[in-house]
Amino acid sequence: MSRSERKWDHIRFALQKRQNSLPFFDDIKFIHQSLPDISVSDVRLDHKIGELSLSSPIFINAMTGGGGEKTYQINKELAMVASHMGLAMAVGSQMSALKDKSERFTYEIVRKENPKGILIANLGSEATVENAKAAIDMIEANALQIHLNVIQELTMPEGDRDFSGALKRIETIVEHVDVPVIVKEVGFGMAKETVQSLISVGVAAVDVGGAGGTDFAEIENKRREKALPFFHQWGIPTPVSIIEASTIHQSSIMCSGGFLSASDIAKGLAIGANAIGFAGHFLRILVENGIESLENEVESLHYELKLIMTALGAKSISDLQSAPLIISGETYHWLSQRDIDTKHYSQRSIK
Ligand code: FNR
């Protein structure tokens, strides 16, 4: 099967499965504030992650390109939404366009549609420095994502089987490119030890890409004759992974994996993320209902997030990251087994 056919398979199978809300978000409860002392008009959603200034904490995460006309159209429409709504946007892995120049147009369109926006290039950890520079140039990217997808590759019939040397290659790329490098998972989460290793080689930010949303083991299993069911629901759930990561480096954490609502976003930010990526949920709305529906969805997510922040007395994302909350259930159990203190979340307050 060609790379281009595989890209379309990913979209097709991702859309087949309805995403349900992730129960781990229910383990996080904000402590109600009866005297928040602010108005909705005081709330600002702009925020910084490293050198990148974002006008919204929501970003469109890496999905596609490299599958001819159909993926060109999806990237074009996603870029229009990103431009109209002020969202940062990552493209899908650009390796296909590095191997086959005729696929470049499917990525280049995002810069044409969004000349001033924040765009993020994307490659796997097999990439060389030359690959990284070419991917960044292709879309005049403001940052580069390198994705880690070991479980997806192992499940993919034609996938990689050798993962040695990835950290060293990432370090070399970090040293030789002049945009911030973000390392992301694709839906299996990152443990704090992984985050520590990545930060220690100069990675600017991690997107913990936790389990609970789009499940690439399930998608790849649909493409196999004999499934590998033990990789279903493998991984670290998104909220757990955000907290693991934020014990290492609070200001460098982005996340994705199963976000569907403003409440999920507020909780993700409050436990330590600085930006929240949407992939499957946005793709479904775009493909099934079109650009206007996706823009309406982003608008209501922004508005509802402001309502939640008002209820908590949080005028900014930084304030929200000090909002007191309780962590219970399986999330609490996991974190205590990992010797991660959760009490400070319940004792803190917005100054
Ligand atoms: C993805 N994702 C992805 N990630 C990446 O780094 N490079 C890629 O090429 C792709 N391709 C891709 C295709 C499709 C159809 C989907 C739905 C997703 C993973 C994506 O960026 C994200 O990390 C996960 O999907 C988890 O987020 P959601 O989907 O649960 O919001």
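All of these numbers come straight from a predicted model, not from anything done at the bench.

(A) Quick look at the side chain of S56. Topologically, S56 is positioned in the loop between β3 (52–54) and β4 (58–60). In this structure S56 comes out as buried when scored by relative accessible area, which is 2%. A distance of 2.9 Å separates the side chain of S56 from the backbone nitrogen of I58, its partner in a polar contact. At 2.7 Å, the side chain of S56 forms a polar contact with the side chain of H302. Residues contacting S56, with those up to four places away along its chain left out, are L45, G86, L87 and H302.

(B) Molecular detail of the environment of P115. Mapped onto the elements of the fold, P115 is located in the loop between α4 (105–113) and β6 (119–124). In this structure the C-alpha to C-alpha distance between P115 and E5, which are 110 residues apart in sequence, comes to 29 Å.

(C) Region of the structure containing the nonpolar core. Ranked by size, the top nonpolar core spans 92 residues in total, and within it M89, L144, I170, I173, V183 and F282 carry the most contacts. Broken down by element, this core gets its largest block of residues, seven residues, from helix α2 (residues 68–85). If near-sequence neighbours (up to four positions away) are discounted, F282 is found in contact with I58, I60, L87, L294, E297, V298 and L301. If you look at the next biggest cluster of nonpolar residues, it comprises 14 residues, including A62, I118, I120 and A143.

(D) Here's a closer look at helix α5 (residues 129–139). Listed in full, the buried residues belonging to α5 are V129, N131, A132, A135, I136, M138 and I139. Looking one or two places after α5, you find E140, whose phi comes out positive at around 45 degrees.

(E) Structural view of the site of the ligand. Contacts to the ligand come from 24 residues, most closely from A62, K184, T214, G258 and G280. Between M63 and the ligand, the recorded distance is 3.0 Å, taken from a backbone N or O atom to a nitrogen atom. Backbone polar atom of G257 to an oxygen atom of the ligand: 3.5 Å apart, as the coordinates give it. Starting from 610 Å² of accessible surface for the ligand in isolation, the protein chains cover 96%. Mapped onto the shell around the ligand, the elements with two or more residues apiece are α1 (3–16), β8 (181–185) and α12 (280–289). Considering each element in turn, the shell around the ligand owes the most residues, three residues, to α1. Split by residue class, the shell around the ligand holds nine nonpolar, 13 polar and two charged.

(F) Focus on the sheet that holds β4. Strand order in the closed barrel made by the eight strands is β4-β5-β6-β7-β8-β9-β10-β11, with parallel pairing throughout. Sheet twist, expressed as the mean angle between neighbouring strand axes with direction ignored, is 25 degrees. Across two bridges, the pairing between β4 and strand β5 (residues 88–90) is parallel. By the bridge assignment, I60 is partnered in β5 with M89. The strands touched by helix α7 (residues 166–176) are β7 (143–148) and β8; relative to β7, the strand with the most contacts, the crossing angle is about 180 degrees. Taken strand by strand, helix α11 (residues 262–270) contacts β4 and β11 (275–278), and its axis lies near 140 degrees from that of β11.

(G) Structural detail: a nonpolar patch on the surface. On the surface, a cluster of nonpolar side chains totalling about 260 Å² of accessible area is made up of V40, Y303 and L307. Given a relative accessible area of 31%, V40 falls into the partly exposed group.

(H) The pairing of β11, seen in detail. The side-chain alternation of β11 yields two buried faces, one formed by A275 and G277 and the other by I276 and F278. Here β4 pairs with β11 via three bridges, running parallel. Bridge pairing links I60 to F278 in β11. Where strand β10 (residues 253–256) lies against β11, three bridges are found, and the strand directions are parallel. When the sheet's bridge partners are listed, M254 is paired in β11 with A275. Each parallel crossover has a hand, and the one from β10 via α11 to β11 is right-handed.

(I) A look at unusual backbone geometry. Phi is positive for E140, which is not a glycine, with a value near 45 degrees. Looking at the secondary structure, you find E140 in the loop between α5 and β7. Overall, the relative accessible area of 55% leaves E140 in the exposed class.

(J) Structural view of the packing of α1 against α12. At their nearest, the axes of α1 and α12 sit 10 Å apart, and the two run at 95 degrees to each other. Accordingly, the angle class assigned to the pair α1 and α12 is roughly perpendicular. Each of I11, A14 and L15 in α1 lies in contact with α12, whose residues at this interface are L283, R284 and V287. Of the residues that constitute the contact of α1 with α12, the class distribution is five nonpolar, no polar and one charged.

Rules of the game
- Counting of residues starts from 1 at the beginning of each chain's written sequence and follows it residue by residue.
- Per-residue local features are limited, in this predicted model, to residues with pLDDT of at least 70; the limit for side-chain atom pairs, both in listing and counting, is 80 or more; totals at the level of whole chains, interfaces and linings are taken over all residues.
- Based on all heavy atoms of the structure, the side-chain values leave hydrogens and waters out of the count.
- Secondary structure elements follow DSSP: runs of H or I of four or more residues count as helices, runs of E of two or more count as strands, with numbering from the N terminus.
- Accessible area is worked out with a 1.4 Å probe on protein chains only. A residue is then buried under 20% of its type maximum, exposed over 50%, and partly exposed in between.
- N or O atoms within 3.5 Å of each other form a polar contact, as long as, within protein, one can give a hydrogen and the other can take it, and as long as residues adjacent in sequence are counted only when both atoms are side-chain atoms.
- We call two residues in contact whenever any of their non-hydrogen atoms come within 4.5 Å of each other.
- In these notes, a set of buried Ala, Val, Leu, Ile, Met, Phe, Trp, Tyr and Cys residues joined through side-chain atoms within 4.5 Å is what counts as a nonpolar core.
- Being near a molecule or strand, for a residue, means having at least one of its heavy atoms within 4 Å of it.
- Per-residue and other accessible areas were derived by the Shrake-Rupley procedure at a 1.4 Å probe size, with only the shown protein chains allowed to occlude residues.
- For this classification, the nonpolar set comprises Ala, Val, Leu, Ile, Met, Phe, Trp, Tyr, Cys and Pro, the charged set comprises Asp, Glu, Lys and Arg, and every other residue, Gly included, is treated as polar.
- Following DSSP output, two strands are said to pair if at least two bridges run between them.
- Helix axes are fitted to C-alpha atoms over the stretch in contact, other axes to C-alpha atoms as well, and angles between N-to-C directions run from 0 to 180 degrees.
- Surface patches are drawn from residues lacking salt bridges whose relative accessible area is over 30%; two like charges belong together within 9 Å, two nonpolar side chains (Val, Leu, Ile, Met, Phe, Trp, Tyr) within 5 Å.
- Should a side-chain nitrogen of Lys or Arg be within 4 Å of a carboxyl oxygen of Asp or Glu, the pair is scored as a salt bridge.
- We call a crossover right-handed when, viewed with both strands directed away from the observer, the connection leading from the first strand over the helix to the second proceeds clockwise.
- Roughly parallel refers to an angle under 35 degrees, roughly antiparallel to one over 145, roughly perpendicular to one between 65 and 115, and oblique to any angle outside these ranges.

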